[in-house]
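Structural features, examined
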Amino acid sequence: MKLGIVGLPNVGKSTLFNAITQAGAESANYPFCTIEPNVGTVLVPDTRIDELVKMHQPDKVTYATIEFVDIAGLVKGASKGEGLGNKFLSNIREVDAIVHVVRAFEDPNIVHVEGSVDPIRDIETINLELILSDLEILDRRIDRTKKALKGGDKKFQSQLDFYERLHELLESGKTARSMDMTDEELEMLQDVALLTLKPVIYAANVAEDEYSDAETNNPMVEKIRAFAKEEKSGVMVISARIEEEISALDKEEKQMFLDELGVAESGLDKLIKASYELLGLISYLTAGKPEVRAWTITKGTKAPQAAGKIHTDFERGFIRAEVVAYDDLMDCGSMVAAKEKGLVRSEGKEYVVKDGDIILFRFNV
């Protein structure tokens, strides 16, 4: 999974990136200090992996990972190449989802490119540039579809009607993701690569001293939530400064620090959960002496395709999957005990893999 972190200059974007990846991207109080996108890979914390490691004492442990891309700050006119516009747009095309950092705090010492703090205006500034880019792409697609329709093939009429409806929505300032679409319509956009169709999590960046009650007591956060709900996006509250402090602590110190703040988990943990949910992802596990490992798949994936994540031969020669639920295995204390209690099931090609399934695939090629 690749997540692009975007936002106007000086909203806390690179500070957050540094904190969650400890990659040391340059972060300064002026626009465009991030020019080339910085990339950092983060292990997905998973207590299930930790417990399986205790059980199996494996030679190797592999957690799921997320790649974060810190993309240059965007300004008005990016769709026309202003600032680092073209570079920004090409970088954002390559990510699976967008983490849009929005400033939700006042601080006279940190300049704002617009001269004042207004989270909805800031969101709309970036969205507008993405919408303008999408309109250009859609214009070209509409022209192609009209030409194909002149050739007499009536199947293109429904495509044209849909593209023109979507074009109208974008022209009104709304994003493509805010539109209700059928599976057939989504299929029509498979190769259109619209930026405003990408899933978004708005990360409301609040001041350190406002973090503990920002979920319920911050007018700026409330505005962001209302906006996100309308366009079917996610929202989470973070404090980039607190994440920066947490990143310098070990596991025990981190937990003490969070307890003192009165919060259950770090912003990174919240962001990972929100990203999995937004993209409809789950993890199944493989466990044994050679390796304990998490494999990320889409919800609804059937056993052969899940096996294909490990190796294409596993999918091609799939025979069956031996499955035990994580909780059942933990209750039994060992795979042998789980088998004795009949909790290890043999599943075929139609089995839909569930989050936390521990699987051994049988295959033959």
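Within the protein chain, the secondary structure is distributed over 14 helices and 12 strands. For the protein chain, buried positions account for 49% of its 365 residues. Put simply, 68% of the contacts in the protein chain that link residues at least 6 apart link residues at least 24 apart. Just so you have it, the protein chain exposes about 18000 Å², and 49% of that area is on carbon and sulfur atoms.

Side chains of E208, D209, E210, D213 and E245 sit close together on the surface and give a patch of like negative charge. Position of D213 relative to the elements: it lies in the loop between β6 (200–205) and α7 (219–230). D213 gets classed as partly exposed once you look at its relative accessible area, which sits at 34%.

Before going further, it helps to spend a moment on α7. Under the 1.5 Å per step criterion, the end-to-end length of α7 is 17 Å for 12 residues, consistent within 8% with the ideal 16 Å. Along α7, the residues that are buried comprise M220, V221, I224, F227 and A228. Looking straight down α7, one finds that the buried residues subtend no more than 125° of arc, so they occupy a single side. What points out from α7, more than 90 degrees from its buried face, is the exposed set P219, K223, K229 and E230. Lining the buried residues of α7 we find β5 (97–103), α4 (119–150), β6 and β7 (234–238).

Turning our attention to the nonpolar core. Ranked by internal contacts, the top residues of the largest apolar core, which has 69 residues, are F68, I92 and Y202. In this structure, F162, Y163, M179 and L189 belong to the second largest nonpolar core, which totals 19 residues.

Here we come to the pattern of salt bridges. If charged atoms from side chains of opposite charge come close, those side chains can pair. Within the structure shown, the criterion is met by 22 salt bridges. Between R48 and D46 there is a salt bridge, and its shortest N-O distance comes to 3.0 Å. With a shortest N-O distance of 3.7 Å, K254 and D269 are connected by a salt bridge. With K254 in helix α9 (residues 251–261) and D269 in helix α10 (residues 267–279), this pair connects stretches of sequence that are 15 residues apart. Among the residues examined, K254 registers a relative accessible area of 23% and is labelled partly exposed.

So, on to unusual backbone geometry. Of note in this structure, Q57 is not a glycine but carries a positive phi near 45°. You will see that K232, though not glycine, has its phi angle at about 60°, which is positive. Overall, the relative accessible area of 45% leaves K232 in the partly exposed class.

What follows is about the sheet that holds strand β4 (residues 65–70). Strands in a sheet are paired, the pairing made by backbone hydrogen bonds, and the direction either parallel or antiparallel. Read from one edge of the open sheet, six strands run β2-β4-β1-β5-β6-β7, paired in mixed fashion. The open sheet terminates on both sides in strands that have one partner only, identified here as β2 (38–43) and β7. Averaged over all adjacent pairs, the angle separating strand axes in this sheet is 25°, with direction ignored. Summarising the sheet, β2 and β4 pair through six bridges and their orientation is antiparallel. Each bridged residue has a counterpart across the sheet, and for L43 the counterpart in β4 is T65. Set on the sheet, helix α1 (residues 13–21) makes contact with β1 (2–6), β2, β4, β5 and β7; between it and β4 the angle comes to about 155°.

Basis of the calculations
Every chain's residues receive numbers from 1 upward, in the order its sequence appears when written. Side-chain atom pairs in this predicted model are given and counted only at pLDDT of 80 or more, local residue features only at pLDDT of at least 70, and totals for whole chains, interfaces and linings cover all residues. Note that water and hydrogens are dropped before the side-chain values are worked out from all heavy atoms of the structure. A helix here means a DSSP run of H or I that spans at least four residues, while a strand means a run of E at least two residues long, and both kinds are numbered starting from the N terminus. The cut-offs for exposure are 20% and 50% of the maximum accessible area for each residue type, with area from a 1.4 Å probe on protein chains only; residues under the lower value are buried, those over the upper are exposed, and the others partly exposed. Any pair of residues with heavy atoms lying within 4.5 Å of one another is described as a contacting pair. Only the protein chains shown count as covering a residue, and every accessible area follows the Shrake-Rupley method with a 1.4 Å probe. Each patch is assembled from residues with relative accessible area greater than 30% and no salt bridge, linking like charges that lie within 9 Å and nonpolar side chains (Val, Leu, Ile, Met, Phe, Trp, Tyr) that lie within 5 Å. Take a side-chain nitrogen of Lys or Arg and a carboxyl oxygen of Asp or Glu: if they are within 4 Å of each other, that pair is a salt bridge. In summary, the charge assignment counts Lys and Arg as positive and Asp and Glu as negative, without counting His or the chain termini. A charge is said to be at NZ when it belongs to Lys, at CZ for Arg, at CG for Asp and at CD for Glu. Helix span, expected: 1.5 Å multiplied by one less than the number of residues in the helix. Comment: arc refers to directions from the helix axis out to C-beta atoms. Here, nonpolar core means buried Ala, Val, Leu, Ile, Met, Phe, Trp, Tyr and Cys residues that are tied together by side-chain atoms lying within 4.5 Å of each other. Here, any two strands with at least 2 DSSP bridges between them count as paired. Lines fitted to C-alpha atoms define the axes, with helix axes restricted to the stretch in contact, and inter-axis angles between N-to-C directions lie between 0 and 180 degrees.

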